[in-house]
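Chain by chain, the residues run as shown.
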Amino acid sequence: MLRHFLPNEHVKSVLDIKAQHLQEKGIKGVITDLDNTLVEWDRPNATPRLIEWFNDMEESGIKVTIVSNNNEKRVKSFSDPLHIPFIFEARKPLKRAFGKAQKSMEILKEETVVIGDQLLTDILGGNRGGYHTILVVPVAQTDGFFTRINRKIERQLLAWMKRKGMLYWEE
């Protein structure tokens with residue numbers, strides 16, 4: 001059960017995930033969370049560096065879909081100017097939205113990676129769906145109410161995994 005909370009990889013930022021590295025692994029599509037994964041939860045638009053990252057993915061033939069538990073207005077206003085497909089109110093960690101995103105990109109599960117900042121939603125949902133998962137450090141140190149609760153549980157899970165020798169990175 002606890003293996004479902006363990007990401008396949010851990011990086012400091014989504015910007016550290018390079019298209020070439022994904023291509024070498026046979027990845028053709030990225031399912032990514034929005035808030036505190038791509039930008040701060042209260043930042044309305046993408047940063048110039050993030051826009052570059054999206055462009056690098058597109059130029060490398062890697063499709064990106066944003067899958068967020070947030071509402072349509074928030075996700076649409078962020079995604080539309082970038083022409084990035086999205087799924088809102090995804091109800092992560094349920095698997096349905098991940099499968100829908102993967103199918104819409106017309107790629108195989110093995111060609112898909114899930115990126116997110118939360119163990120209890122992004123990583124759990126991605127792992128349960130059978131995807132390769134990458135945990136990123138949250139962009140902001142502040143969170144909404146429910147995310148703050150999740151973070152407390154995540155800290156306990158990470159500490160336990162570290163004690164058991166399951167983590168291969170430094171926080």
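(A) Quick peek at the sheet that holds strand β4 (residues 86-87). One open sheet accounts for six strands, arranged β1-β6-β5-β2-β3-β4; its pairing is parallel. In this open sheet, the two edge strands, each paired with only one partner strand, are β1 (9-11) and β4. Running over the sheet, helix α4 (residues 96-104) touches β2 (29-32), β3 (63-67), β4 and β5 (112-116) and is turned about 155° from β3. Packed on one face of the sheet, helix α5 (residues 119-128) meets β5 and β6 (132-136) and runs near 165° to β6.

(B) Up close: helix α2 (residues 48-59). Taking 1.5 Å of rise per residue, 12 residues should cover 16 Å, and α2 covers 16 Å from first to last C-alpha, within 8% of that figure. By the burial criterion, the buried members of α2 are L50, W53, F54 and M57. Each buried residue of α2 lies within a common arc of 95° when the element is viewed along its axis, so the set occupies one face. More than 90 degrees from the buried face of α2, the exposed residues found are P48, R49, E52 and E59.

(C) The packing of aromatic side chains, seen in detail. Summed over all chains, the structure comprises three aromatic pairs. Arranged with centres 6.4 Å apart and planes meeting at 40°, the rings of F98 and Y131 form a pair that is tilted. In this pair, F98 sits in helix α4 while Y131 sits in the loop between α5 and β6, placing the two residues 33 residues apart along the sequence. The residues F98 and Y131 share a single accessibility class, namely buried. Geometry around Y131 places K109 over its ring, the cationic atom sitting 5.5 Å from the centre.

(D) Looking closely at the pairing of β2. What you see with β2 is no split at all: G29 and I31 on one side and V30 and T32 on the other are buried throughout. Across four bridges, β2 lies against β3 in parallel orientation. Residue pairing in the sheet places V30 in a bridge with V64 of β3. Taken together, β2, α2 and β3 form a β-α-β motif whose crossover is right-handed. Direction of pairing for β2 relative to β5: parallel, over a ladder of four bridges.

(E) How the structure looks around a negative patch on the surface. A cluster of acidic side chains, namely E52, D56, E58 and E59, defines a negative patch on the protein surface. On the secondary structure map, E58 appears in helix α2.

(F) Geometry of the pairing of β6. In terms of burial, β6 is largely enclosed, as four of its five residues are buried. One ladder, built from three bridges, connects β1 with β6; its direction is parallel. Residue pairing for β6: H10 is matched across the bridge by L135. You can see the chain leave β5, run along α5 and come back into β6, and the turn it takes is right-handed.

(G) Representation of the nonpolar core. Of all hydrophobic cores here, the largest spans 27 residues; its most connected members are I17, L38, L50, W53, F54, F78 and I115. Those elements giving two or more residues to this core turn out to be α1 (19-24), α2, β3, α3 (72-79), β5 and β6. If near-sequence neighbours (up to four positions away) are discounted, L38 is found in contact with V14, T32, D33, L50, W53, F54, I66, F78 and V139.

Rules behind the numbers
- Residues numbered from 1 in each chain as written.
- Predicted model: local features only at pLDDT ≥ 70, side-chain atom pairs only at ≥ 80, totals over all residues.
- Heavy atoms only, no water.
- Pairing = 2+ DSSP bridges.
- Helix = DSSP H or I, 4+ residues; strand = E, 2+ residues; numbered from the N terminus.
- Contact = heavy atoms within 4.5 Å.
- Axes fitted to C-alpha atoms, helices over the stretch in contact; angles between N-to-C directions.
- Expected span 1.5 Å × (residues − 1).
- Buried < 20%, exposed > 50% of the residue type's maximum accessible area, 1.4 Å probe, protein only.
- Arc of directions from axis to C-beta.
- Phe/Tyr/Trp six-rings, centres within 6.5 Å; stacked < 30°, edge-to-face > 60°.
- Lys NZ or Arg CZ within 6 Å of the ring centre and 35° of its normal.
- Right-handed = clockwise from strand over helix to strand, strands pointing away.
- Patch = residues over 30% accessible without salt bridge, like charges linked within 9 Å, V, L, I, M, F, W, Y side chains within 5 Å.
- Areas by Shrake-Rupley, 256 points an atom, 1.4 Å probe, with all protein chains shown as cover.
- Salt bridge = Lys/Arg side-chain N within 4 Å of Asp/Glu carboxyl O.
- Lys, Arg positive; Asp, Glu negative; His and termini not counted.
- Charge placed at Lys NZ, Arg CZ, Asp CG, Glu CD.
- Core = buried A, V, L, I, M, F, W, Y, C linked by side-chain atoms within 4.5 Å.

Purely geometric stuff here, so don't read any function into it on its own.
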